[in-house]
Amino acid sequence: MVSLWPKKQDNPEGGDQPSREDDERQSSRSRQYRDREPDERTRLLPREAAGYLHPDDPAVSPYNLWSIRALRGLSSLFLAISFVWWTFLLVSIFVSPPMMHTRGSGFFGFSYTTLTVGYLATGLLFFAVPSKPMTIWGFVLAIFLLVDMCLILAVPRIRVEEGWVGIASVVWATLISFYNILQNYLVAWGKREEEERLTGREETRRSLREWLAVLVETVVMAILGIVAILFTATLILRSRDASLPAPGKQYYVNGNNYRVHLACVGTITGDHIDGTASSHRRPTVLVEGGEEPVEHTLLPFIDAAYKNGTIDRYCYWDRPGLGWSDNAPSPYSAGMAADALSEALALAGEEGPWVIASAGVGGIYSRIFASRHLLEIDGLLLIDTLHEDYLGKVGSPGWGFLLWLRGVLSPLGLDRLAGAIFKGRTREDRVYGRSAYQTGKFIKAKLQESLVAGSLTSSEVQTARHVQIANTPLVVVSSGVEVRKSEKWAKTQEDLTTVTKNLQDWDVVQGAPHEVWKTLAGRTVLERRLGQLVKGHKK
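Here's a quick rundown of the structure. Keep in mind the model is a prediction, meaning the values are calculated, not measured. (Residues numbered from 1 in each chain as written. Predicted model: local features only at pLDDT ≥ 70, side-chain atom pairs only at ≥ 80, totals over all residues. Heavy atoms only, no water.)

Moving on to the state of the cysteines. Under the defined criterion, the tally for this structure stands at one disulfide. Cysteine 264 shares a disulfide with cysteine 315; S-S distance 2.0 Å. On the sign convention where negative means left-handed, the S-S torsion of about 110° between cysteine 264 and cysteine 315 marks this disulfide as right-handed. You can see cysteine 264 sitting in strand S4 (residues 258-266) and its partner cysteine 315 sitting in strand S8 (residues 313-318), a full 51 residues away along the chain. (Disulfide = S-S within 2.5 Å. Helix = DSSP H or I, 4+ residues; strand = E, 2+ residues; numbered from the N terminus.)

It is worth spelling out the pairing of strand S3 (residues 249-253) at this point. Here S3 pairs with S4 via five bridges, running antiparallel. Note that in S4 the partner of tyrosine 252 across the bridge is arginine 259. Hairpin connection, S3 to S4: the antiparallel pair is bridged by four residues, and asparagine 254 has positive phi, about 55°. (Pairing = 2+ DSSP bridges.)

The next point concerns the sheet that holds strand S12 (residues 502-509). Pairing in this open sheet of eight strands is mixed, and the strands run S3-S4-S8-S7-S9-S10-S11-S12 from one edge to the other. Strand pairing shows two members of the sheet lacking a second neighbour, S3 and S12, which therefore form its edges. With strand direction ignored, the average angle separating the axes of adjacent strands in the sheet is 20°. Bridge count for strand S9 (residues 354-359) against strand S10 (residues 377-383) is six bridges, and the pairing is parallel. (Axes fitted to C-alpha atoms, helices over the stretch in contact; angles between N-to-C directions.)

With an omega of -5°, the peptide bond running from serine 330 to proline 331 counts as cis. Tracing the backbone shows proline 331 in the loop between S8 and helix H8 (334-347). Cis geometry is found at the peptide bond from glycine 352 to proline 353, where omega equals 5°. Relative to the assigned elements, proline 353 resides in the loop between H8 and S9. Positive phi, close to 45°, is recorded for aspartate 384, a residue that is not glycine. Within the secondary structure, aspartate 384 sits in the loop between S10 and helix H10 (391-394).

With that settled, the discussion passes to the layout of surface pockets. Approximately 620 Å³ is the volume found for the largest pocket. Taken together, 18 residues form the lining of the largest pocket, with Glu291, Leu386, Val394, Trp399 and Lys446 sitting closest to its centre. Going through the elements one at a time, H10, helix H11 (397-409) and helix H14 (440-467) are the ones with two or more residues in the lining of the largest pocket. Of the residues that constitute the lining of the largest pocket, the class distribution is nine nonpolar, two polar and seven charged. (1 Å grid on protein atoms, 1.4 Å probe; cavity = no way out; pocket = protein on both sides within 12 Å on 5 of 7 lines; lining within 4 Å. Points joined across faces, edges and corners; volume = space filled by probe spheres on them. Nonpolar A, V, L, I, M, F, W, Y, C, P; charged D, E, K, R; others polar.)

Turning our eyes to something else, we now look at the pattern of salt bridges. Evaluated as defined, the whole model comprises 23 salt bridges. Of the charged contacts, one joins glutamate 161 and arginine 238 as a salt bridge, the two residues approaching to 2.8 Å between their closest N and O atoms. Of the two residues, glutamate 161 is situated in helix H5 (residues 156-199) and arginine 238 in helix H6 (residues 208-241); the sequence distance between them amounts to 77 residues. The same class applies to glutamate 161 as to arginine 238, namely buried. For lysine 441, the salt bridge identified is with glutamate 161, shortest N-O distance 3.8 Å. Taken together, the residues lysine 441 in helix H14 and glutamate 161 in helix H5 connect sequence positions 280 residues apart. Taken individually, lysine 441 and glutamate 161 each receive the classification buried, so the pair is uniform in this respect. Salt bridges here are not isolated pairs; linked through shared partners, they connect Arg103, Arg157, Glu161, Glu162, Arg238, Arg259, Asp326 and Lys441. (Salt bridge = Lys/Arg side-chain N within 4 Å of Asp/Glu carboxyl O. Buried < 20%, exposed > 50% of the residue type's maximum accessible area, 1.4 Å probe, protein only.)

On the surface, a cluster of nonpolar side chains totalling about 500 Å² of accessible area is made up of Leu208, Leu212, Leu215, Val219 and Ile223. Looking at where valine 219 falls in the secondary structure, it is placed in helix H6. (Patch = residues over 30% accessible without salt bridge, like charges linked within 9 Å, V, L, I, M, F, W, Y side chains within 5 Å. Areas by Shrake-Rupley, 256 points an atom, 1.4 Å probe, with all protein chains shown as cover.)

Right, let's get into the nonpolar core. By size, the foremost hydrophobic cluster in this structure holds 40 residues, and its most contacted members are Leu286, Trp354, Ile356 and Phe369. The leading source of residues in this core is H8, at seven residues. Those residues in contact with tryptophan 354 that sit more than four places away from it in its chain are Pro283, Thr284, Leu286, Cys315, Leu345, Phe369, Glu376, Ile377, Asp378 and Gly379. With 28 residues, the next largest nonpolar core counts Ala263, Ala359, Trp517 and Val525 among its residues. (Core = buried A, V, L, I, M, F, W, Y, C linked by side-chain atoms within 4.5 Å. Contact = heavy atoms within 4.5 Å.)

Next up on the list: the environment of alanine 246. Within the element layout of this structure, alanine 246 appears in the loop between H6 and S3. Looking at alanine 246, the relative accessible area reads 28%, which means it is partly exposed. Considering only alpha carbons, one finds alanine 246 and tryptophan 324, 78 residues apart in sequence, at a separation of 6.6 Å. Contacts of alanine 246, omitting those with residues within four sequence positions, involve His261 and Trp324.

Of all seven residues making up strand S11 (residues 473-479), seven are buried, and the element is well covered by its neighbours. Here S11 shows a buried face lined by Pro473, Val475, Val477 and Ser479 and a second buried face lined by Leu474, Val476 and Ser478. Note: S10 against S11, four bridges, orientation parallel. Within the sheet, the bridge partner assigned to leucine 382 lies in S11 and is valine 476. Inspection of the sheet shows S11 paired to S12 by seven bridges, in the parallel sense. By the bridge assignment for S12, valine 477 is matched with aspartate 507.

Right, dumping it as structure tokens:
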């Protein structure tokens, strides 16, 4: 038989020894091994070492594989993209960039992007320490985000409110959730591969540092999973609320950017002289709500006055973000709201004359509207309304920050879920009732109001005061409780009696709260004064 191995030479001292040719060949191989360029499997290995490495050796790492390093780079890119998008959404809450206005609050898209940034940052921070709890919570997160995406796309009202910005945010969050599961699996595979190659077996031990990392990532992932579950529950409530029909109609305003809700009740009547109708129509009462949606506050009193025959007809609307109206682009002032109301009335074919009844902060809005429709206003009824001297308080930075924080947390729906589960709150409560202040749309509207209260709105109401026709009939009804509580409030209520030079009456209803109509005495005074303005007008 012919041997394939090199022939060995006899050693005079005994035993077989490698030939000189074998020594040279071995030396040549060693030089080639030392001199060649390191690859992904040999880069961190000692050049002269042989055999297996200790499991704690830094060379035993999934980063030896180029695919794992590329995966980490891809995750870093996704994090950078998500952070840039997060920044745009943060800015859009305060100032709407072109093409980024959503007819909803914008807080949902921002919250989903915040979740995405947090998830990617967690995945990168614990990139080399994959664990089963992280994978399990990753599946929980992915499933609920997928449900959220389906809900937003399936419910027309939510889809319209969130717009392409909100849809893109939730779709991106869903994709990243599945990507992070894949990342965790691939890193675990790479770690196992390198351990088996370099140490001879898969390492099942974990150091104290790794156990702490697993504990932290498990807690963080559990929090993110719970957040996703709350998002889903809140979206289910929103889907339920979207089915509540709106009385009246919704009209596109401001170049079809958003819709406002307007409704009118009653018939148009005219004065009758000697059995013939005169050319002058009786004024319609135009109702402007206060701090909360008008349907929950002032409207029940107005509707009772209508049913009693005190007034013949009334119209009411929801300011942007309240009730059934969409949110408007930011910034948004009271003057812009007055223009939106004017446009909605024109689209509805509604014409004056008007007697405007307003309460609380609605007095600011109604006075600006009245100054822009001078010949159509037959009277102003100010019910314990806010004076412009308080706009600085409305626009304080502290109050604005609290509103922003509430808005960011609103997608969790903690208060709304608790109200629905434990207090039996209905969709009416959440859309325009006692729980309306908890919705993201309402909070966004109040944040917009706060942002420009001391600047744009203050300037607009001062102009309105100078422009208002002096002989416009004016009635001021003040809360006795508020007047007694604050000397400043009392003085500002007195100053409101000078908005025009035709003050009909100033009533301070003793024992009545800020919502004057909540007491019998308050309702009695308000209905009498409202009837005087509507039926006692003169041309």
